[in-house]
Amino acid sequence: MHIALIRRQRRPVKRSGGLQLLRFALVALATFSFSIVGVILLVAGLGFGVYAVYAKDISQDLADREIDAETIGIQIDKDFKTTRIYDRTGQVLLYEIIPDNGGRRVQVPLSSIPEYLRNATIAMEDKTFYTNPAGINIEGVARAIWGELRGVNAGGGSSISQQLIRNVIMTPEERFERSYVRKVKEVILSYQLTQKYPGVEGRDKILEWYLNTIFYGHFAYGVEAAAQTYFNKPVQDLTLAEAAMLVPCGQSPALNPIDAPEEAKKRQEIVLDEMYLQGYITAEEAWEAKQETLVIAPPRFDMVAPHYVLYVRDMLEKRFGTEAVYGGGLQVITAIDLEVQAKAEEIARARIAEMREPHNAHNAAITVLDTKTGELLAMVGSLDYHDESIDGQVNMALSPLQPGSSFKPFTYATALAQGFTPATMIMDVRTSFPDPPNPVPYVPENFSRNYHGPLLLRQALACSYNIPAVAVAHKVGIDNVVRTARAMGITTLDASSYGLSLTLGGYPVTVLDMAYGFSVFANGGTMVGQTRPASLIEPGERRLDPVAILQVTDANGNPLDYGQREVQPVIRPEVAFLITDILSDNQARTQAFGANSKLVLKDRPAAVKTGTTNDFYDGWTVGYTPQYTVGVWVGNTNHEKMKNADGSRVAAPIWNDLMVWLHDGLPVEGFARPAGIETAIVDSVSGKLPTAYSGGRIQEVFMKDGGMPTETDDVHFPFRICNATGKLATVHCPADQVETKVFSIFPPEADNWVREQGIPQPPNDYCDVHGPNLANTDVSITSPKAMSGVNGIVSIMGNARAGGQEKYWLEYGPGMNPGVWYPIGPEHGHQVENDLLETWDTRSL
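Residues numbered from 1 in each chain as written. Predicted model: local features only at pLDDT ≥ 70, side-chain atom pairs only at ≥ 80, totals over all residues. Heavy atoms only, no water.

The next subject is the overall build of the chain. Counting its secondary structure elements, the chain contains 28 helices and 26 strands. Taking the intrachain contacts of the chain between residues at least 6 apart in sequence as the baseline, contacts between residues at least 24 apart amount to 69%. (Helix = DSSP H or I, 4+ residues; strand = E, 2+ residues; numbered from the N terminus. Contact = heavy atoms within 4.5 Å.)

Have a look at this one:
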C-alpha cells in the first residue's frame, strides 16, 4: 500500500526592517543545535528581541485588546453569521442571506463536527494543539524562521490558536500584513488565550471557534457553510473522504474541489496519509476514503421561491434592521408552503403558455392566503425569476397595478355600511357625474357598451357593471370608499383626493393587498394577521400584515418577537356577509358571465370578482372560500397591451385551477351567516315591498338594523285607461270602457333609456270624449284642457254666463282633490262667452 508524504509549497516572503534585524541575530546563532529545547530558546529569544524593539507600540496595542470568550463570541457574532430563511416546516432552506462583503456563515457546536474532521484539521495545522501549553506551534515557528534564514517559505508556522487570533481579534489590515511585529502580537495573544482556556475543555472551545471562522473558499466561512457549499449537506453528515477534502481548503481556499478538482483530490489524499501516519485512522480507512466517489455540489446561491424570499428579507430589515439581517445570524421560518408554491407556478406557466398567442399574455402573479390564519402560503411574482424576457425579477405580486373592476367590492361595502341594501335600485343609464377635483364631468361606460336600465345592487355588483358602481361611489362619497379600502388592507392609497374612476380600478394596488383585503370579507369583516411595525403605519391604514413569517430566532436559538398574531374587526360582519353573498351568487352574475364560467367551483361556494383595465393591460381575478383566498393577475411586465384579455378569460382560469387543487379532499364549508341578517320578499325591480301591482318577486337578505325594507314598490303604478281614446280615463268615462293597466315609472334620469328601449309609458292626456260639452256649458273652462299640463303665462279660456251672474273669479289648488284654494287674478263683474277668462302666471309656482 502506497502512502504519499507531505511536501509543503514554498512561497516568497516579503522582507521588512524587523526581518533584517532578525536575520542578523540568527546568523550569529547559525551553529546552534536545533534540538527542541534549542528551538524554544531560539524562538523565545528572538520573540523577546523583536518585542523589545517594538515594545512601546506592541504593549499599547495589546492593552487595548481583551482576550476572552465574550470578546471572541461578540466578534464571531458580528462577523461570522448569516441569516437563513426556511420554509414552514423549518427543514428546507430557501436562502441564506450573505453580506456583500462576506459569505455564508453558520455556527455549529463542536459536537456537531465529526471527529475525523477535527482530527484532520489538527493533523494538518497543529499536531500539538492539545498538548502544547503555550498555544504556539513551536516546530512550525522554527520551520518558518529557518526557512526565512535560507530565503525560502517553509510554511507560516501558526498554531490553531494563532490563526484564531488572526482571524477574529486582529483587524483585516493586520491579518494580511507580513511582518514579525504582527507575528509577535499573534504569539503573545495566543499565549494569553490558551492560559484563559486551559485543558481539554479550553482547547475544545478554541477549536470550535476556529472551525466556525476559517474561510474555506466560495464565500464559505466555517465548516458548516463549507459542507453546505461543496457537498450540499450539514457538516455532521460528512464522510471521512469529504472531510479530508474540505480541510485543505482552510489553508488554500482557491484549491477547492469546484475550482481545482484535481488538485483538491491530491490534497485530500495527502490529508488521509497524514491522518494515517499520526494514528488517527487505519491504512484501510485511508484507502477506502481515497476510493470513495465524491459528489461535489455546484456553487449556487439560488433562492427557492425568490420573490417570496425577498419579500421576507425586506420585512426582516424593516423589523430588525439591516445589520441584523446581514450579519446577525437570524434563523427564519416562513409561512410558505412549497407544495402550494410549486403548484401555483405550474398552473400559471401552463395557462400562460395557452394564452401567449391568442391574448398576447406573457406573465402572471399569484398570492395564496390561508383565509383563517392570514398566512401567506405562496407568492408567485412572475413565471420565472431568471427570465429576462419578461423582466422576471420584478415582483408583480407587489407591483402597483390597476385592478379594474376587482376594486368594486370596496365601493359597495361602503354603500352597504351607509344604508344601501342588496335590493337598492340603481339606474344603469348614460350619466354624466360631477367629478371634483377633476374639472370635467365623468361619463363612464360599461365594458359591453350597453345600458341595462334599473338594476338591483346585487345584479350591479355581481355582473360588474360600471355605471352603477360609479353612481354608488358618487352617492356615498369617494373619500369614504378610500377609507374603507385602506382600512381593509390597500396600502397604495393615501389620504389624497381621488376621482370617481377609483371605483373602476383606475388607481394602482397590489395583488397581495387585494387578496388580503378580500380575506377580510371571507373572515366576516375581521382582519387576521401579524402586527405591523408602528413606524410603517400611516393614519387610516391597516395595522396588520399577512403572516409571511412564523418564527424568528437569533443565532443562539433565542426567539425574537416578530409581531403578535391579531384579529382586528374592520367592517361590520353583516356588511362582509352581504358582499360575500353577492360575489358567490352565480345566478346573479350569469347575465354577464354565463352560468358555467371559471368563477364557479362546482362542489362548493366561492366568492370571486374579476377585473379588467382599459385596453386590456391587466386582467384580474380575486376570490375566496372559508379556507383559501387567492389573487391572480395576468399581463405583461412592460405594460404591453394584451388582446381581448378580460379578467374572466386570462386570470379566472388560473384562479379556478388553483382553487380546485387547493380544495381537493377538503370538506365543503359555507360562509357563516351573522345573527344580524334577515330575509324579506321584495319587488324584483324596485327592491321595495311588493304591492298588488308589482311584477316579479324575489327573496333578498338584509341587515336587521336599518336595512329591512319599509317602503312599497314605487316603480309599478296602475293607471285607468279609457279604451275609446287610449287616454287617461275620467269620471265621465263609462265603466265598461275603462281598463286598469300597470306601467313602470322610472326616475327622470332614465327617460332616454326608457324611450330607446320602447318601454310603454302611461298617456299624458285625459279622455276628452266622454263628459259634458264644455263649450255649451254656461260655466266652464275650455282651455287648457282638463288634466293637461301648463307652464309660463297661461290664457284661460271658457264661459262665465250664468243667468243672474253678478261676478266670477278663478282659483287653483294642489292635487286631484285640493284641500285649499288660491285665487288667480281679481273678481270680474262681466259675463264671458267662449273667450278669455283670466291670464295666469305660473312661473312662480
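Next, the rest of the story.
Oppositely charged side chains may form a pair once their charged atoms are brought near each other. Tallying each qualifying case throughout the model produces 36 salt bridges. Between aspartate 705 and arginine 572 there is a salt bridge whose closest N-O contact spans 2.9 Å. Note that aspartate 705 is positioned in helix α27 (residues 704–707) and arginine 572 in the loop between β13 (565–569) and α23 (573–583), a separation of 133 residues in sequence. Here lysine 688 and aspartate 714 are joined by a salt bridge, their closest N and O atoms 2.8 Å apart. Placement of the pair is lysine 688 in the loop between β17 (677–683) and β18 (697–703) and aspartate 714 in the loop between α27 and β19 (716–722), with a sequence separation of 26 residues. Ionic contacts of the salt-bridge type, sharing partners, join the residues Asp513, Arg532, Glu541, Arg542 and Asp545 into one network. (Salt bridge = Lys/Arg side-chain N within 4 Å of Asp/Glu carboxyl O.)

A separate point is the sheet that holds strand β16 (residues 628–635). The pairing of strands in a sheet happens through backbone hydrogen bonds and is either parallel or antiparallel. The 5 strands lie next to each other as β7-β6-β16-β15-β14, forming an open sheet whose pairing is antiparallel. Edge positions in the sheet fall to β7 (376–380) and β14 (607–612), since each of these pairs with one other strand and no more. Pairs of neighbouring strands in the sheet enclose a mean axial angle of 5°, with direction left out of account. Note that strand β6 (residues 363–370) and β7 share 4 bridges and pair antiparallel. Bridging from a neighbouring strand, threonine 367 pairs with methionine 379 of β7. (Pairing = 2+ DSSP bridges. Axes fitted to C-alpha atoms, helices over the stretch in contact; angles between N-to-C directions.)

Scanning the entire structure with this criterion turns up 0 disulfides. Cysteine 722 forms no disulfide, and the closest cysteine sulfur to it belongs to cysteine 733, at a distance of 3.8 Å. Here cysteine 722 falls in the buried class, since its relative accessible area comes to 0%. (Disulfide = S-S within 2.5 Å. Buried < 20%, exposed > 50% of the residue type's maximum accessible area, 1.4 Å probe, protein only.)

Attention shifts here to unusual backbone geometry. Going from proline 436 to proline 437, the amide bond is cis rather than trans, its omega being 10°. Topologically, proline 437 is positioned in the loop between β8 (425–428) and β9 (453–456). Cis geometry is found at the peptide bond from serine 783 to proline 784, where omega equals 0°. Within the secondary structure layout, proline 784 lies in the loop between β22 (779–783) and β23 (793–800). Phi at arginine 449 is positive, roughly 65°, even though this residue is not glycine. As for its position among the elements, arginine 449 is in the loop between β8 and β9.

The element helix α20 (residues 466–476) is largely enclosed, with a buried count of 9 among its 11 residues. Along its buried surface, α20 packs onto α18 (408–417), β8, β9, α19 (457–462) and α21 (478–487).

Right, let's talk about helix α14 (residues 283–291) for a bit. Inspection of α14 places Ala283, Ala286, Ala289 and Lys290 among the buried residues, and these make up the whole buried set. The buried residues of α14 occupy an angular sector of 130° when projected down its axis, which confines them to one face. Its buried side turned inward, α14 meets α12 (240–246) and α13 (261–277). (Arc of directions from axis to C-beta.)

To continue, consider the pairing of strand β1 (residues 83–86). What you see with β1 is no split at all: Thr83 and Ile85 on one side and Arg84 and Tyr86 on the other are buried throughout. The hairpin turn running from β1 into strand β2 (residues 93–97), its antiparallel successor, is 6 residues long, and glycine 90 in that turn takes a positive phi close to 75°. Pairing of β1 with strand β5 (residues 331–334) involves 3 bridges; the strand directions are parallel. Looking at β5, one finds that isoleucine 85 is bridged to valine 332.

Remark: helix α5 (residues 115–125) packs on helix α10 (residues 199–213), axes separated minimally by 12 Å, with the N-to-C direction vectors making an angle of 90°. Put simply, α5 runs roughly perpendicular to α10. Every residue of α10 that contacts α5 at Leu117, Arg118, Thr121, Ile122 and Glu125 is listed here: Leu207, Tyr210 and Leu211. Here the residues of the contact of α5 with α10 sort into 5 nonpolar, 1 polar and 2 charged. (Parallel < 35°, antiparallel > 145°, perpendicular 65-115°, else oblique. Nonpolar A, V, L, I, M, F, W, Y, C, P; charged D, E, K, R; others polar.)

This next bit is on the sheet that holds β5. Spatially, the 4 strands line up as an open sheet ordered β2-β1-β5-β12, and their pairing is mixed. Edge positions in the sheet fall to β2 and β12 (549–553), since each of these pairs with one other strand and no more. If you compare each strand with its neighbour and ignore which way they point, the axes differ by 15° on average. The pairing of β1 with β2 spans 4 bridges and is classified as antiparallel. Across the sheet, the residue bridging to arginine 84 is glutamate 96, located in β2.

This part covers the pairing of β23. The pairing of β22 with β23 spans 4 bridges and is classified as antiparallel. Bridge pairing in β23 places valine 779 opposite alanine 800. As paired elements, β23 and strand β26 (residues 832–841) share 7 bridges and run antiparallel to each other. When the sheet's bridge partners are listed, serine 795 is paired in β26 with threonine 839.

Next up on the list: the confidence of the model for the chain. Model confidence for the chain is summarised by a mean pLDDT of 86, while 85% of its residues fall at 70 or above. Predicted confidence is poor over residues 1–44, with pLDDT under 50, and the contacts of this stretch with residues over four places away or in other chains come to 59 contacts. Taken together, the stretch residues 50–65 has pLDDT below 50 and engages in 22 contacts with residues farther than four places along the chain or on a different chain. (pLDDT = per-residue confidence, 0-100.)

Counted according to the given criterion, the structure contains 16 aromatic pairs. On the numbers, 4.9 Å between centres and 80° between planes, the contact of phenylalanine 129 with tyrosine 130 is edge-to-face. Accessibility expressed as a relative area gives 2% for phenylalanine 129, which makes it buried. A ring pair is formed by phenylalanine 215 and tyrosine 221, whose centres lie 4.8 Å apart and whose planes are at 35°; its orientation type is tilted. (Phe/Tyr/Trp six-rings, centres within 6.5 Å; stacked < 30°, edge-to-face > 60°.)

All right, on to the packing of α5 against α13 then. At a minimum axis separation of 9 Å, α5 and α13 run at an interaxial angle of 90°. One element, α5, and the other, α13, form an angle in the roughly perpendicular class. Contacts from Tyr116, Asn119, Ala120, Ala123 and Met124 in α5 reach Ile270, Val271, Glu274 and Met275 in α13. Tallied by class, residues from the contact of α5 with α13 come to 7 nonpolar, 1 polar and 1 charged.

With that out of the way, let us pick up the nonpolar core. Counting 93 residues, the largest nonpolar core has Tyr308, Leu316, Phe410, Tyr412, Phe521 and Ile549 as the members making the most contacts within it. In terms of residue count, helix α22 (residues 511–522) provides more of this core than any other element does, 9 residues in total. Setting aside residues no more than four positions away along its own chain, tyrosine 412 makes contact with Ile426, Leu457, Ala460, Leu461, Tyr465, Pro468, Ala469, Val472 and Ile579. Judged by nonpolar contacts, the second largest core, of 48 residues, contains Val168, Leu193, Tyr210 and Ala227. (Core = buried A, V, L, I, M, F, W, Y, C linked by side-chain atoms within 4.5 Å.)

Let us look at the environment of asparagine 638. Along the polypeptide, asparagine 638 turns up in the loop between β16 and α25 (647–650). Looking at asparagine 638, the relative accessible area reads 51%, which means it is exposed. Polar side-chain contacts of asparagine 638 include one of 3.0 Å to the backbone nitrogen of glutamate 640. (Polar contact = N/O pair within 3.5 Å; in protein donor to acceptor, adjacent residues only side chain to side chain.)

Attention now goes to the environment of isoleucine 136. Here isoleucine 136 is to be found in the loop between α5 and α6 (138–150). Under the relative-accessibility criterion, isoleucine 136 is labelled buried at 11%. Residues isoleucine 136 and isoleucine 188, spaced 52 residues apart in sequence, show a C-alpha to C-alpha distance of 9.1 Å.

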